[in-house]
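Take a look at the letters that make up each chain.
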Amino acid sequence: MKNYFKIFSRNQSKKVLSFDGGGVRAIAGVVFLKQLEAETGKPIFDLFDMFIGTSAGGVNALMVAVNKMNANELHEFWSKDNLMTNMSASWINTTSFLHTRPKYDGVGKKELLKKYFSDKSLGEAKKPVMTLSYDVENRKPKLLSSIDTPGITAVSAASATSAAPIYYPTSEIEDGTWHIDGGIVSNNPSLIGYAEGMKYFKSDNVKVLSIGTGIDRAKIDGPTSQKWGALGWLRNDIIGIMLEQNMDHEIAEDLMKEKYLRINSATEKVNKKLDDTSEKNLERIHLMGMEWWSEFGDSTIKFVNS
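Here the structure is a predicted model, which means the values were calculated and not measured. (Residues numbered from 1 in each chain as written. Predicted model: local features only at pLDDT ≥ 70, side-chain atom pairs only at ≥ 80, totals over all residues. Heavy atoms only, no water.)

## Remarks on the pattern of salt bridges
Oppositely charged side chains can pair when the atoms bearing their charge come close. To be explicit about the condition: By salt bridge we mean one thing: a side-chain nitrogen of Lys or Arg within 4 Å of a carboxyl oxygen of Asp or Glu. Here's how the labels work: a residue is buried when its accessible area is under 20% of the maximum for its type, exposed when over 50%, partly exposed in between, all with a 1.4 Å probe on protein chains only. We count a stretch as a helix when DSSP gives it H or I for four or more residues in a row; a strand needs E for two or more, and each element gets its number in order from the N terminus.
Counted according to the given criterion, the structure contains five salt bridges. Across the salt bridge formed by K114 and D119, the nearest N and O atoms sit 2.3 Å from each other. A relative accessible area of 42% places K114 in the partly exposed class. On the basis of relative accessibility, which here comes to 54%, the residue D119 falls in the exposed class. Here E196 and K199 are joined by a salt bridge, their closest N and O atoms 3.3 Å apart. Highlighted residues: E196 and K199, both in helix α10 (residues 190–201), separated by three residues, approximately one helical turn. Among the residues examined, E196 registers a relative accessible area of 14% and is labelled buried.

## Observations regarding the packing of aromatic side chains
Test applied: Aromatic pairing here means that ring centres of Phe, Tyr or Trp (its six-membered ring) are within 6.5 Å. Orientation follows from the plane angle: under 30 degrees is stacked, over 60 is edge-to-face, and everything else is tilted. Criterion for a charge above a ring: Arg CZ or Lys NZ at most 6 Å from the ring centre, at most 35 degrees from the ring normal.
This structure, assessed with the given rule, holds eight aromatic pairs. Centroid distance Y200 to F201: 5.0 Å. Interplanar angle 85°. Geometry classified as edge-to-face. F201 sits in the buried class, given a relative accessible area of 19%. Over the aromatic face of Y168 sits the side chain of K109, whose NZ or CZ is 4.1 Å from the ring centroid. For K127, the ring lying beneath its charged end belongs to F45, and the centroid distance is 4.6 Å.

## Overview of a nonpolar patch on the surface
The test is simple: Like-charged residues are merged into a patch within 9 Å and nonpolar side chains (Val, Leu, Ile, Met, Phe, Trp, Tyr) within 5 Å, provided each residue has over 30% relative accessible area and no salt bridge. Computed by Shrake-Rupley with a 1.4 Å probe, the accessible areas treat only the displayed protein chains as cover when residues are assessed.
On the surface, I166, L231 and L234 cluster together into a nonpolar patch covering about 230 Å² of accessible area. Positionally, I166 belongs in the loop between α9 (154–161) and β5 (171–172).

## Notes on the confidence of the model for the chain
Note the following rule: Confidence of the prediction at every residue is given by pLDDT, a number between 0 and 100. Note on contacts: a residue pair is in contact if any heavy atoms of the two residues lie within 4.5 Å.
Mean pLDDT over the chain stands at 90; residues scoring 70 or higher make up 91%. Under a pLDDT of 50 for its full length, residues 1–9 has, in the predicted model, zero contacts with residues more than four places off or in other chains.

## Here's the deal with the packing of helix α4 (residues 56–67) against α9
When two helices pack together, their arrangement is given by the angle between their axes and by how far apart the axes lie. Rule in force here: Axes here refer to lines fitted to C-alpha atoms; in helices the fit is confined to the stretch in contact. Angles between the N-to-C directions go from 0 to 180 degrees. Any angle that is under 35 degrees is reported as roughly parallel, and any over 145 degrees as roughly antiparallel; angles of 65 to 115 degrees are reported as roughly perpendicular and all others as oblique. Should the near helix be turned anticlockwise from the far one by less than a right angle, the crossing is left-handed, and should it be turned clockwise, the crossing is right-handed. Classes in brief: Ala, Val, Leu, Ile, Met, Phe, Trp, Tyr, Cys and Pro nonpolar; Asp, Glu, Lys and Arg charged; the others, Gly included, polar.
Interhelical geometry of α4 versus α9 gives an angle of 160° and a closest axis separation of 7 Å. Taken together, the axis directions place α4 and α9 in an arrangement best described as roughly antiparallel. In the crossing of α4 with α9, the sense of the turn from one axis to the other is right-handed. Of the residues in α9, those touching α4 at G58, V59 and L62 are A154, A157, A158 and T161. Split by residue class, the contact of α4 with α9 holds five nonpolar, two polar and no charged.

## Focus: α9
Judged by how many residues are buried, α9 sits mostly within the fold: eight of eight residues are covered. Buried within α9 we find A154, V155, S156, A157, A158, S159, A160 and T161.

## Looking at the pairing of strand β2 (residues 50–54)
Here is the rule we go by: Here, a strand pair is defined by DSSP locating no fewer than two bridges between the strands.
With respect to burial, β2 is a largely interior element, five of its five residues being buried. Here β2 shows a buried face lined by M50, I52 and T54 and a second buried face lined by F51 and G53. Bridge count for strand β1 (residues 14–19) against β2 is four bridges, and the pairing is parallel. Within β2, the position partnered with F19 by the bridge is G53. Note: β2 against strand β3 (residues 129–135), four bridges, orientation parallel. Bridge pairing links F51 to V129 in β3.

Quick look at the structure:
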């Protein structure tokens, strides 16, 4: 009987929860996960075996794995007050001509993360967790994880993965390296989560629920774009264009097939900008999350229960 249970446990799929980056739009995925918890009666921490995220999604992954937050608590983390703290800016930053400095100074963000994580290290995570960032001096992507870099603090990992160029300063972590937002490498880290999951669990029976942050489908006028220089492309969201490339999703779908479920849609009326915290936009983000539940809720319940 004991051997039977060992075999049964080994054959059960391991589930990875993957969070995209997308600034405040990451709230939509949290709204979706609140519905999942309500329907299953289980917190997301119990529903999944591993967590991975990029940028704001990396912060979500850390909150769940390190602090065992449920979706309601995660939603409270993204409160309007916390968003305002997160987006603190000095007088120099706000008056910087032509954005020669980051839009936000990163001070409020560090204070907020410190409030929630204190001095906890990645090694103190209750389940495997990883965040993606980019090491600017060594010019290579970096996966900060509870497995391979347990001594890095959760505050450092969260700061590094969410240091979006133009928005936040480059972030230094404990080993002396300097990092920017992992979204420049892969905003949808599902494939990385899949590979790391198979390696960690020593099994190919790994499934990934991938939570997006919406895709801006607004048309860019080709002839007009011929005349854009650096400022023109910045005004027309070149950062968003780079973050929203869909190739990772298409490869993940082809590779993982039924082991992969993607939750995402066009942003429609949601502002494409990463930092629009207006009441109207936050309401639209919440509505997008609810619409995702209407579209993907049944398939997600089936996915996590299989």
